[in-house]
Amino acid sequence: MKNKLAVIKISNRKDFLYYSFFAAITYFTSLLAFYIDLGQSIGTYWIPILIPIVAALVLIQFSSGEYIFSKLMLPNLLAGLAWYAAFPFTYTWTYQRPWFMSLITYDFTVGTSMFLLLVSLEILLMSTGKIKISALILCLLNFLFMLIPFIEATYYCMVWHCLSPASLMSLYLTNWNESIDFVRGSIGDLNLIIIFTVIGFLLKKAYNVHKNFGQRIFEQTIDSRKKIFSLIVLIGSIGSLMFYLPQTSIAGLWKDVSDYVAQTQEYEIGHSDRVADMKIDPTQTLAAKSKGTIIFVIGESASRSYMKAFNNNFEFDDTPWLDEKNSAGFENDGFIVYKNAYACWSQTVPVLQRALTEQSQYNTKEFYNSTSIIDAAKKAGYKTYWFSNQGRYGQFDSAITLVAKTADVAEWTDDAYDFSDKYDSALLPYLEKVGGNENNFVVLHLMGSHIYYNNRYPKEFKRWVTEDGTGMATAAPSYANSILYTDYILSQIYDYAEKNLNLQAMIYFSDHGENLKISHNPDVFLFDMVRIPLFIYLSKDYQNALPNQTKNLYDHKDFYFTNDMLYDTICGLINAPSNHYESRQDFSSDQYNFTRETLTTMLGQHLLTEDNE
């Protein structure tokens, strides 16, 4: 079958090789021009790859009888172009500065190697005469090779930011259900249907092009020399991919993330030694002075910007229980509501690995060398419990799970490495497992207001709806409903613990906040992603047992605070200072010395003074 859109065929073999060489040089220099246009200088990184790439491009054109830019080469060419263009483009557009020249060279080489691999493999497969199945194989390979560039481009179109370690970290530690929720919430079901329809259409077109290519190969009867040339290019391109692919831009970012996760696994190594090194006087702790239970509640995606108890201007009255407790006054109900609390980051795992351990923005501690609130509570004389309505974050234990597993009792509402779709009321029966006449330290990890918001509460809590009653998944009314439900769950936790567990203190905070349009993606940071609720309840017994902590916690109600200092605050709250404790980071200490001017968020990237709240 004749390719009507191909470059005019040259009957003389010498002329064909000449034009093939010209096409190869054009290909190479065009890509150099592309990178120069992105602000890169040519440099010397291209010299080692010039001759082998041009030689391989000439060989593949000679073996196939097609020029690089012919229609029959297009599906394979686009796969290569996508690879060496996606990250440099999105990075440059995001930061308005060029990516590293050496890394761009790797991206270029990998993209070209993919193109060469696909074409050489197609020649060898099609020469067998099995055109349809070969076309199907090549079509699937085109899809697989373009999948990562497609994700990069899609992510950029969603948030106008290139993939970053933060976004890759979220992907690495997130299970499929959460990922699907994020994509659906960001793109929308209708747009997803359109995208998959377009992909299907393009794959059908690619399949037809591959069939036409196969027909040409089969008709011209590829001789053994051309097969050998194709095999040489195939082997060379595979070797090139094995060497260069791990060094590409996106692979480098992924390695940073995987190395970080590997480091968190070191938490278990030496954990017992760190706990043994922890020096706490058990005769002076709260457990020794006033027997009872401490409840530590971790919220999810709750922003005080959208909670009535913290923002009187919010249109929905979504915190009636907390409003009632707060309005009664500390003297009567013992509640302190802190309206100037912030998260240290806008994603769960980086936040909680700091909130739960010694590590913070303000010291040089590493997570894997730190003690945790569980360790401190145990040493202070408490039996420790961890009950969670969140999954264990994918195939590997996250930093949160590593801490949770050190508790005397650690249970999940859905005890699997999966995503929980249960309402937070599923946690309430677990409180019955806690002894009423013991010293207990109980951590409850809520699902809270995790996107989709309308999946986080039962129908009886659907108090507010949008004007037309639709689009509730990520709308402000559904978010307010989820906060209303959290307020109810907190009231139930408090009521049960106060009646049955001799409740001494209860602390509630959220891991991070939320923006109702773009969720909590750190690549497109806004301050409502880190404005969090925080309240502390102190019983009369607690106030009598530890009057200094009580005074300091109350006096600090208008102070500014970031949740990576909760470890030290908990140590202070239970009167368990140690050699693994910093009083300046303890909100219950008179030595707490941070102000709005000295506090930061996003791991030091932003000062709190930048927030125009």
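Residues numbered from 1 in each chain as written. Predicted model: local features only at pLDDT ≥ 70, side-chain atom pairs only at ≥ 80, totals over all residues. Heavy atoms only, no water.

(A) Seen up close, unusual backbone geometry. Residue Y452 follows I451 across a cis peptide bond; omega there is -10 degrees. The residue Y452 is located in the loop between β6 (440-445) and α18 (476-500) in this model. The residue S301 is not glycine, and still its phi comes out positive at about 55 degrees. Relative to the elements of secondary structure, S301 occurs in the loop between β1 (293-299) and α13 (320-327). Residue S301 is classed as buried on the basis of its relative accessible area, which comes to 0%. Its identity as a non-glycine residue notwithstanding, N575 has a phi of 55 degrees, on the positive side. Along the polypeptide, N575 turns up in the loop between α21 (566-573) and β10 (600-601). Residue class for N575 comes out buried when judged on its relative accessible area of 18%. (Helix = DSSP H or I, 4+ residues; strand = E, 2+ residues; numbered from the N terminus. Buried < 20%, exposed > 50% of the residue type's maximum accessible area, 1.4 Å probe, protein only.)

(B) Fine view of the sheet that holds strand β5 (residues 409-412). With mixed pairing, the 7 strands of this open sheet are ordered in space as β2-β8-β7-β1-β6-β4-β5. If you trace the sheet from one side to the other, it starts and ends with β2 (335-338) and β5, each paired once. Recorded for the sheet is a direction-independent mean angle of 10 degrees between the axes of neighbouring strands. Here β1 pairs with strand β7 (residues 503-510) via 7 bridges, running parallel. (Pairing = 2+ DSSP bridges. Axes fitted to C-alpha atoms, helices over the stretch in contact; angles between N-to-C directions.)

(C) Local environment of a nonpolar patch on the surface. Taken together, the side chains of F143, L144, L147, F150 and I151 make up a nonpolar region of the molecular surface, amounting to roughly 420 Å² of accessible area. Among the secondary structure elements, L144 is positioned in helix α5 (residues 131-159). Judged by its relative accessible area of 53%, L144 falls in the exposed class. (Patch = residues over 30% accessible without salt bridge, like charges linked within 9 Å, V, L, I, M, F, W, Y side chains within 5 Å. Areas by Shrake-Rupley, 256 points an atom, 1.4 Å probe, with all protein chains shown as cover. Salt bridge = Lys/Arg side-chain N within 4 Å of Asp/Glu carboxyl O.)

(D) Spatial organisation of the pattern of salt bridges. Overall, the coordinates contain 13 salt bridges when judged by the stated rule. A salt bridge links R216 to E66; its shortest N-O distance comes to 2.5 Å. One end of the pair, R216, is in helix α8 (residues 189-220); the other, E66, is in the loop between α2 (47-64) and α3 (74-95), with 150 residues separating them in the sequence. E66 carries the same exposure label as R216, and that label is buried. Across the salt bridge formed by K433 and E411, the nearest N and O atoms sit 2.6 Å from each other. With K433 in the loop between β5 and β6 and E411 in strand β5, this pair connects stretches of sequence that are 22 residues apart. Among the residues examined, K433 registers a relative accessible area of 47% and is labelled partly exposed. Counted as one network, the salt bridges with shared partners bring together R304, R531, D611 and E613.

(E) The side chain of S589, seen in detail. Tracing the backbone through its elements, the reader meets S589 in the loop between α21 and β10. A residue is classified by how much of its surface remains accessible, and S589, at 8% relative accessible area, is buried. For S589, the residues in contact, after removing those within four places along its chain, are N552, H556, Y581 and S583. (Contact = heavy atoms within 4.5 Å.)

(F) Highlighting the nonpolar core. With 130 residues, the main nonpolar core has F296, W386, F441 and L573 as its most contacted residues. Of all the elements, helix α4 (residues 101-126) adds the most residues to this core, at 11 residues. Residues contacting W386, with those up to four places away along its chain left out, are I298, L356, I374, I400, V403, A404, A407, V409, A410, E411, V443 and H445. Counting residues in each nonpolar core, the second largest holds 47 residues, with Y306, F314, A480 and A497 among its members. (Core = buried A, V, L, I, M, F, W, Y, C linked by side-chain atoms within 4.5 Å.)

(G) Main features of the packing of α2 against helix α9 (residues 224-244). Closest axis-to-axis distance for the α2/α9 pair is 9 Å, and the angle between their directions is 145 degrees. Pair α2 / α9 crosses with left-handed handedness. Mapping the contact onto sequence places I49, A56, L59, I60, F62 and S63 in α2 and R225, K226, F229, S230, V233 and Y244 in α9. Along the lines of polarity and charge, the residues of the contact of α2 with α9 split into 8 nonpolar, 2 polar and 2 charged. (Left-handed = near helix turned anticlockwise from the far one by under 90°. Nonpolar A, V, L, I, M, F, W, Y, C, P; charged D, E, K, R; others polar.)

(H) Region of interest: α9. Over its 21 residues, α9 runs 30 Å from end to end, which matches the ideal 30 Å to within 8%, given 1.5 Å per residue. Of the residues making up α9, those classed as buried are K226, S230, V233, L234, S237, S240, L241 and Y244. The arc that holds the buried residues of α9, viewed along the axis, is 135 degrees, so those residues lie on one side. Exposed positions of α9 whose direction lies more than 90 degrees from the buried face are S224, I235, M242 and F243. (Expected span 1.5 Å × (residues − 1). Arc of directions from axis to C-beta.)

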